[in-house]
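A closer look at the structure
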Amino acid sequence: MSERDYQVVVIGGGPGGYVAAVRCAELGLKTACVEKRKTMGGTCLNVGCIPSKALLYGSEVYTLVKEQNTSAQPDFIKLMENKEGAVHTLVTSVSTLLKKHHIDQIEGMAAFEDPNTLSITLPDGSKKTITSDNFIIATGSEPVALPFAPFDEETIVSSTGALALKKIPESLVVIGGGIIGVEIASVYSRLGSKVTVVEMLDHICPGVEPYAARTLLQILKKQGLEFFLGAKVTGTKKANGKQDVTFEYEGKPQTVAGDVVLVCVGRKPYTQGLQLDRAGVELDTKGRIIVDGALKTKQSHIFAIGDVIDGPGLAHRASEEGIAVAESIVGQRKVVNMLTIPSVIYTYPEVASVGMTDQDAKAKGLEVISGQVSMRGNPRARCTGELEGFVKVVGDKKTGRLIGLHIVSAHASELIAIGAIAIAAKLTVDQVAETPFAHPTYSEAVKEAALLALGKAIHA
Amino acid sequence: MKAEVKVPRMGESISEAVVGTILKASGSTVKADEEIIELETDKVNQVVYAPAAGVLTLTVKEGDKVPVDSLLGYVDSDGGAAAPAPQAKPAKEEAKQPTSEDILEKDERQETKPSPKAEVAEPKKEKPSTPKTEGASIRFSETDFLNELQKGPQEETKAAPKTAKIEKPQQAESKPSSDRETRRRMPTIRKAIAKRLVEAQHEAAMLTTFNEVDMSAIIDLRTQYQEAFQKKYGVKLGFMSFFVEATVSALKAFPLFNSYLDDEDIVQRQYYDLGIAVSTDKGLLVPVLRDCDKLTMSDIEKKLEEYAKKAREGKIALEELQGGGFTITNGGVFGSLLSTPIINPPQCGILGMHKIQKRAVVLDDQIVIRPMMYLALSYDHRIVDGKEAVSFLVHIKNMLESPPRILLEV
């Protein structure tokens, strides 16, 4: 046995860190988890995925009610209470989970003293020093601010502030049309705000299957959101009790005013105060911790996972990496196939993708088969009226394997699991097409798209 | 007139075979029904016969994978010229690129094998052969994914280099230089045997108990009734039928030996199907005697003779090899005095017979000469305990030493 305090110390209690800690404990390692927040769960549970989904759901229900009863008014306070309820329950249960596994939870800011020692500044300002054989850095990321528009979290807000506004703003300007931007824009647009999205690129949601992104853009415009694409924001200033955002659009300067301005132009790795130099851990030029294929830093006993390293900033990616690293510490082996990590935009309809797009695959020299079916042809969608969107299946012609699934549809976030399973299990498009799907369901569209890719669609 | 030579259907679960030995070279003249090619599968070997007399053209070579019903070549009964080359290509391609249906069927076959663990582990195996250490890569990037796709279906990649390999030693053999070793491909049937035996060693908690049996009563009985038996039934009265009867009786007394593990369930067979190991020049085969509890000794002897003949001719059907509940193996025919047989999973036990040898034994405080045989019972300790195993073997011993017990079922 080691003479150090722990076998593993996980820095960060988000979906990467707490999951890694639990798996370490399950494998019999003496584990601690250091978290700077009062609550476990990280960005995801406290100020990210979970609260935004609560608001997205509540605002969607309101939209449905409003369609039936035009005089309906949103109860924003209740909506926020619901959100906080969900967050509170989840973060508490994470803490309980860690307790159950006898993981020491230490609240405070961690800093390396040397490669095996961590000095933790506790909430009361005192310091606690712990030593460990292994470390897993899972400190995540934080929103990037624009130099001319620092966050005050009241009028100029990050996603964190946007999910905790005191009231529904009359007007909201969203700088950055990425996934976070369109989700929060959707929430306030549904609740009655006038929402303007200003995006530097000529399309929204970079990284998403291009046709899916275009489809979503059209749908969001129909829902009343205003978009300025290819627009470069040049500054913001206070005027008439509002915040003016100026940008160049089609060669001309333009201004929109918002009660609130949401800046969501990206997230950057969070390594502040860690004193990584003392541990011998190096960063790349973008501030990400450098790791090898085994997710080891320059120190072979210090690992890093999730948003703090290279890769898509997704909670479930971090969790998978956390499990894999925990298992590798005890000599077990698990591979995280980046192609099986689904990505979801929780707008209405939802957009979900996993694996490769048609374009990617072709660019990489693969011969591609693909099938795309519209949700308009889906009997279940016909019953519910949720007709917007499509399902696209991408396959590799040589092996017949399914290599990508791209969906714009109600419930796309649930449907995408089919694609993740197919890619992880190396299923062929044939095998998916031959699987019986319940009728009538949205998921039948996946089967139909697979059949279409094989040239044997029944309904298309 | 050209008659096509095709891969015959060899049983429901067999979708493809490997061209084993080419018995008649392309271009040679063959008679109708002459043996042309021997195909190997993981269950049986199958000879393909000439459909007509004429000049044979083959479109496959040894080591090729060939799906059922695909073309192997044809026989030109007009005694025509040699093969037009292009014919060869499509057949080869067909052989090398199994359709996704083939892949599926292969997977299904694997599924029926009793090793769910192995399957779960499979995806991991596939990564590059980095040793299983802490440093092994966790991240499977898009580049890794693309490389995997480039490699194509797994079976194919494994098969391709292999076919390439066999050609080499053949060339090497042709020049008898300083080669001090030769190399040949493991026949499919050998591979299947190897896989099952290793599986058995890994899966089961196997151990062996021994006993010995005085064979004099059975030998006397055989001597006394051999002639009458042969006259009536047309087969010799061997030792095996006694062992089958004794084993069925023991299985009835200790039913756990006729059960198998399915995950966490113990499945009890209510029938008595015994596998009888038969050695052939291709390797070990274990044809199954069905419903042994309902067979008379003459039935058993007849069936055994039929199996032995079929096995030696390589004509045993797949169905005849499947589903045994317990196995008897006789190493004695080769002179083995004592051995520890390996159980045939998912079976729970195997009885090993050995050579009958006259030995000095003590009976009623007298040293006497008796024809003795050692018996070995290997069993899966996960299902049965030592007490039952020993009692099972003693039960068999008692039956054999006093054959009237077989008649009276006591």
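The coordinates are above.
In short, a report on the structure. (Residues numbered from 1 in each chain as written. Chains lettered and ligands numbered in written order. Predicted model: local features only at pLDDT ≥ 70, side-chain atom pairs only at ≥ 80, totals over all residues. Heavy atoms only, no water.)

1. Re the overall build of chain A
On a plain count of helices and strands, chain A comes out with 14 helices and 23 strands. Expressed as a percentage of the 460 residues in chain A, the buried residues total 55%. Sequence separation of at least 24 residues holds for 60% of the intrachain contacts in chain A that already meet a minimum separation of 6. Here chain A displays about 19,700 Å² of accessible surface, and carbon together with sulfur accounts for 53% of that area. (Helix = DSSP H or I, 4+ residues; strand = E, 2+ residues; numbered from the N terminus. Buried < 20%, exposed > 50% of the residue type's maximum accessible area, 1.4 Å probe, protein only. Contact = heavy atoms within 4.5 Å. Areas by Shrake-Rupley, 256 points an atom, 1.4 Å probe, with all protein chains shown as cover.)

2. Here we look at the interface of chain B and chain A
Many structure descriptions define interface size as the accessible area lost when the parts assemble. Residue-level contacts link 25 residues of chain B with 35 residues of chain A. Here chain B and chain A share an interface that buries about 2,800 Å² over both sides, 56% of which is from carbon and sulfur atoms. Applying the counting criterion to the chain B and chain A interface returns four salt bridges. For the salt bridge of B:E148 with A:K426, the shortest nitrogen-to-oxygen distance reads 2.8 Å. Those elements that provide at least two residues to the side of chain B that touches chain A are helix 2 (100-112), strand 9 (139-140) and helix 4 (142-151) of chain B. Of the residues forming the side of chain B that touches chain A, the biggest block, seven residues, is contributed by helix 4 of chain B. Tallied by class, residues from the side of chain B that touches chain A come to eight nonpolar, seven polar and 10 charged. (Buried area = accessible area lost by both parts, 1.4 Å probe. Salt bridge = Lys/Arg side-chain N within 4 Å of Asp/Glu carboxyl O. Nonpolar A, V, L, I, M, F, W, Y, C, P; charged D, E, K, R; others polar.)

3. Regarding the nonpolar core
Ranked by size, the top nonpolar core spans 55 residues in total, and within it A:V9, A:I11, A:F112, A:L118, A:I136 and A:I137 carry the most contacts. The greatest single-element share of this core, amounting to seven residues, is contributed by helix 1 (residues 17-26) of chain A. Those residues within four positions of A:I11 in sequence are excluded, and the remaining contacts are A:V34, A:A110, A:F112, A:L118, A:F135, A:I136, A:I137, A:A138, A:T139 and A:L274. Counting 49 residues, the second largest nonpolar core, distinct from the first, contains B:V213, B:F254, B:Y272 and B:L321. (Core = buried A, V, L, I, M, F, W, Y, C linked by side-chain atoms within 4.5 Å.)

4. A word on the sheet that holds strand 6 (residues 54-58) of chain B
Reading across from one edge, 1-8-6-3 (chain B) is the order of the four strands in this open sheet, with antiparallel pairing throughout. Taken across any chain shown, the strands that pair with only one partner, and hence form the sheet edges, are strand 1 (2-6) and strand 3 (29-30) of chain B. (Pairing = 2+ DSSP bridges.)

5. What to know about the pattern of salt bridges
All names here are of chain A. Under the criterion given, the structure shown has 35 salt bridges over all chains. E388 is the salt-bridge partner of K222, the closest N and O atoms lying 3.5 Å from each other. In this pair, K222 sits in helix 7 (residues 210-222) while E388 sits in the loop between helix 11 (379-384) and strand 22 (390-396), placing the two residues 166 residues apart along the sequence. For K222, a relative accessible area of 65% puts it in the exposed group.

6. With respect to the environment of A:D360
Along the chain, A:D360 turns up in helix 10 (residues 358-363). Linking A:D360 and A:E209, residues 151 residues apart in sequence, is a C-alpha distance of 9.3 Å.

7. What about helix 12 (residues 412-424) of chain A?
An ideal rise of 1.5 Å per residue puts 18 Å on 13 residues; helix 12 of chain A measures up with 18 Å between its terminal C-alpha atoms. When helix 12 of chain A is considered as a whole, its buried residues turn out to be A:A412, A:S413, A:L415, A:I416, A:G419, A:A420, A:A422 and A:I423. The buried residues of helix 12 of chain A occupy one face: seen down the axis, they fall within an arc of 160°. Along helix 12 of chain A, the residues that are exposed and aim more than 90 degrees away from the buried face are A:E414 and A:I421. Considering only its buried residues, helix 12 of chain A is in contact with strand 19 (343-345), strand 20 (350-355), strand 23 (402-409) and helix 13 (429-433) of chain A together with helix 4 of chain B. Downstream of helix 12 of chain A by a residue or two, A:K426 has a phi angle that is positive, lying close to 55°. (Expected span 1.5 Å × (residues − 1). Arc of directions from axis to C-beta.)

8. With respect to a nonpolar patch on the surface
Taken together, the side chains of A:Y57, A:V61 and A:V65 make up a nonpolar region of the molecular surface, amounting to roughly 280 Å² of accessible area. Note that A:Y57 resides in helix 3 (residues 49-68). (Patch = residues over 30% accessible without salt bridge, like charges linked within 9 Å, V, L, I, M, F, W, Y side chains within 5 Å.)

9. Focus: helix 6 (residues 179-190) of chain A
Residues and elements named next belong to chain A. The end-to-end C-alpha distance of helix 6 is 17 Å, a good match for the 16 Å that 12 residues give at a rise of 1.5 Å each. In terms of residue burial, helix 6 counts as a mostly covered element, since 10 of its 12 residues are buried. Of the positions making up helix 6, those classed as buried are G181, V182, E183, I184, A185, S186, V187, Y188, S189 and R190. Where helix 6 terminates, the next one or two residues include G192, which has phi positive at roughly 110°.

10. Observations regarding the packing of aromatic side chains
Evaluation of the coordinates by the stated rule reveals 10 aromatic pairs over all chains. Ring geometry for A:Y211 versus A:F390: centroids 4.8 Å apart, planes at 55°, classification tilted. In this pair, A:Y211 is assigned in helix 7 and A:F390 in strand 22, connecting sequence segments 179 residues apart. A centroid spacing of 5.5 Å and a plane angle of 45° characterise the contact between B:F326 and B:F392, whose relative ring orientation is tilted. In this pair, B:F326 is assigned in strand 17 (residues 326-330) and B:F392 in helix 10 (residues 386-401), connecting sequence segments 66 residues apart. B:F392 matches B:F326 in its accessibility class, with the two residues each being buried. (Phe/Tyr/Trp six-rings, centres within 6.5 Å; stacked < 30°, edge-to-face > 60°.)

11. Focus: the packing of helix 8 (residues 240-253) of chain B against helix 9 (residues 297-312) of chain B
All names here are of chain B. Following both chains from N to C, one finds helix 8 and helix 9 inclined at 120°, their axes separated by 9 Å at the closest point. As summarised for this structure, helix 8 and helix 9 are arranged oblique, according to the angle between their axes. Here helix 8 runs over helix 9; the crossing is right-handed. Here M240, S241, F242, V244 and E245 of helix 8 lie close against helix 9, whose contacting residues are M297, I300, E301 and L304. (Axes fitted to C-alpha atoms, helices over the stretch in contact; angles between N-to-C directions. Parallel < 35°, antiparallel > 145°, perpendicular 65-115°, else oblique. Left-handed = near helix turned anticlockwise from the far one by under 90°.)

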